[in-house]
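What the coordinates show
What follows is the residue order along each chain.
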Amino acid sequence: MRGDYSRFTFDSKKHYSSVRLQQGRVQLDSDWNEAQDIRLYHERTITSDAIGPAGGPRQRAGFSLRLNEKKDDLIISPGRYYLDGILCENDKEIHYSQQLSHPGKLKDLPQGRYAAYLDVWESAVTAVEDPDIREVALDGPDTAARYKVMWQLIIEPFPQSTGSSLSSSGPTQSRMA
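In what follows, the accompanying structure is described. (Residues numbered from 1 in each chain as written. Predicted model: local features only at pLDDT ≥ 70, side-chain atom pairs only at ≥ 80, totals over all residues. Heavy atoms only, no water.)

**Description of the packing of aromatic side chains**
Filter applied, for reference: Each Phe, Tyr or Trp ring (for Trp, its six-membered ring) is paired with any other whose centre lies within 6.5 Å, and the angle between the two planes then decides the class: stacked below 30 degrees, edge-to-face above 60, tilted in between. Each helix is a run of DSSP H or I of at least 4 residues and each strand a run of E of at least 2, with the numbering of both proceeding from the N terminus. Only protein chains enter the area calculation, which uses a 1.4 Å probe; residues under 20% of their type maximum are buried, those over 50% are exposed, and those in between are partly exposed. Throughout this description, the term charge over a ring refers to an Arg CZ or Lys NZ atom that lies within 6 Å of the ring centre and within 35 degrees of the ring normal.
Summed over all chains, the structure comprises three aromatic pairs. Here Y5 and F8 contribute two aromatic rings whose centre-to-centre distance is 5.3 Å and whose plane-to-plane angle is 55°, an arrangement assigned as tilted. Each ring, one from F63 and one from W151, has its centre 4.7 Å from the other, and the planes form 90°; the classification is edge-to-face. Residue F63 is located in the loop between β1 (54-55) and β2 (65-68), and its partner W151 is located in strand β8 (residues 146-157); the two are separated by 88 residues in the primary sequence. Taken individually, F63 and W151 each receive the classification buried, so the pair is uniform in this respect. The positively charged end of R113 is found above the aromatic ring belonging to F158, 4.9 Å away from the centroid.

Right under this line is the structure:
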């Protein structure tokens, strides 16, 4: 995890609902970060409880696939989709082969049955990756990191036997078949 953090204190088993600052006390990044983690945990739990492990809005569900035969590629539709309460967004149509760190070309896959799923993770973003988060009023130092939901559509062969499962080679948190 990139960033300069003193410690991580969030524990869902403690069932805290908020963090309150007290007057005259030292402020630490861990208190602010725990407050954000509590809010995010509650938000994602509510979303998972309402939507289930995976789903999208009726009018704007994203990540549907269609074949572009001319380019021998899949087109991933724009929209939103939720995996374990995590909002995944795709702002525009994108070809499977144009994904960042795309896993390969469709034409390289042998004939067979395949499963498509989203690999989803969060990544810390600092001022090194996004200079816009530097504080210009203070002559440019970075003040806080941001976290960004990242996704990648993965295509894997369907397992041959009923007892096997799809493999995982990355920082997978959630999957959609």
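**So, the layout of surface pockets**
Note the cut-off: In this analysis a 1.4 Å probe is tested at points of a 1 Å grid over the protein atoms alone, and where it fits but cannot get out there is a cavity; an open set with protein on both sides within 12 Å along at least five of seven lines is a pocket; lining residues have an atom within 4 Å of a point. Grid points are joined across faces, edges and corners, and a volume is the space filled by probe spheres set on the points. Here the nonpolar group is Ala, Val, Leu, Ile, Met, Phe, Trp, Tyr, Cys and Pro; Asp, Glu, Lys and Arg are the charged ones; every other residue, Gly included, is treated as polar.
There is about 990 Å³ of room inside the largest pocket. For the largest pocket, the lining is made up of 27 residues, of which F8, N33, Q36, D37 and Y147 are closest to its centre. Secondary structure elements with two or more residues in the lining of the largest pocket: α1 (29-51) and β8. For the lining of the largest pocket, the element with the highest residue contribution is α1, accounting for ten residues. Tallied by class, the residues present in the lining of the largest pocket amount to eleven nonpolar, seven polar and nine charged. By volume, the second largest pocket is sized at about 540 Å³. Along the wall of the second largest pocket there are 17 residues; nearest its centre are E89, L100, K148, M150 and W151. Every element with two or more residues in the lining of the second largest pocket is listed here: β5 (86-90) and β8. With five residues, β8 is the single largest residue contributor to the lining of the second largest pocket. Residue composition of the lining of the second largest pocket, by class: eight nonpolar, five polar and four charged.

**Observations regarding the nonpolar core**
We apply this condition: Here, nonpolar core means buried Ala, Val, Leu, Ile, Met, Phe, Trp, Tyr and Cys residues that are tied together by side-chain atoms lying within 4.5 Å of each other.
Counting residues in each nonpolar core, the largest one holds 15 residues, and the members touching the most others are F63, I76, L83, Y96, L118, V120 and W151. For this core, the secondary structure elements donating two or more residues are β3 (73-76), β4 (79-83), β5, β7 (114-125) and β8. Among the elements that line this core, the one with the most residues is β8, at three residues.

**Considering the sheet that holds β2**
As a reminder, the rule being used: Between any two strands, pairing holds if DSSP finds at least two bridges.
The strand order β2-β3-β6 describes an open sheet built from three strands, whose pairing is antiparallel. Two strands lie at the open edges of the sheet, namely β2 and β6 (94-95), each paired on one side alone. In the sheet, β3 pairs with β6 via two bridges, with the strands oriented antiparallel. Directly across from I75, in β6, lies its bridge partner H95.

**Some words on the sheet that holds β1**
Strand order in the open sheet formed by three strands is β1-β4-β5, with antiparallel pairing between adjacent strands. In this open sheet, the two edge strands, each paired with only one partner strand, are β1 and β5. Relative to β5, β4 is paired through five bridges, and the arrangement is antiparallel. Counterpart to Y82 in the pairing with β5 is L87.

**Points about the pattern of salt bridges**
Here is the rule: Counted as salt bridges are all cases of a side-chain nitrogen of Lys or Arg within 4 Å of a carboxyl oxygen of Asp or Glu.
Tallied over the full model, the rule gives three salt bridges. E122 is the partner of R44 in a salt bridge, and the nearest nitrogen-oxygen pair spans 3.1 Å. Here E122 lies in strand β7 and R44 lies in helix α1, a separation of 78 residues in the sequence. Among the residues examined, R44 registers a relative accessible area of 16% and is labelled buried. A salt bridge links E93 to R66, with the shortest nitrogen-to-oxygen separation between them at 2.9 Å. Taken together, the residues span a long stretch of sequence, with E93 in the loop between β5 and β6 and R66 in strand β2 at a distance of 27 residues. Given the relative accessible area of 42%, E93 is considered partly exposed.

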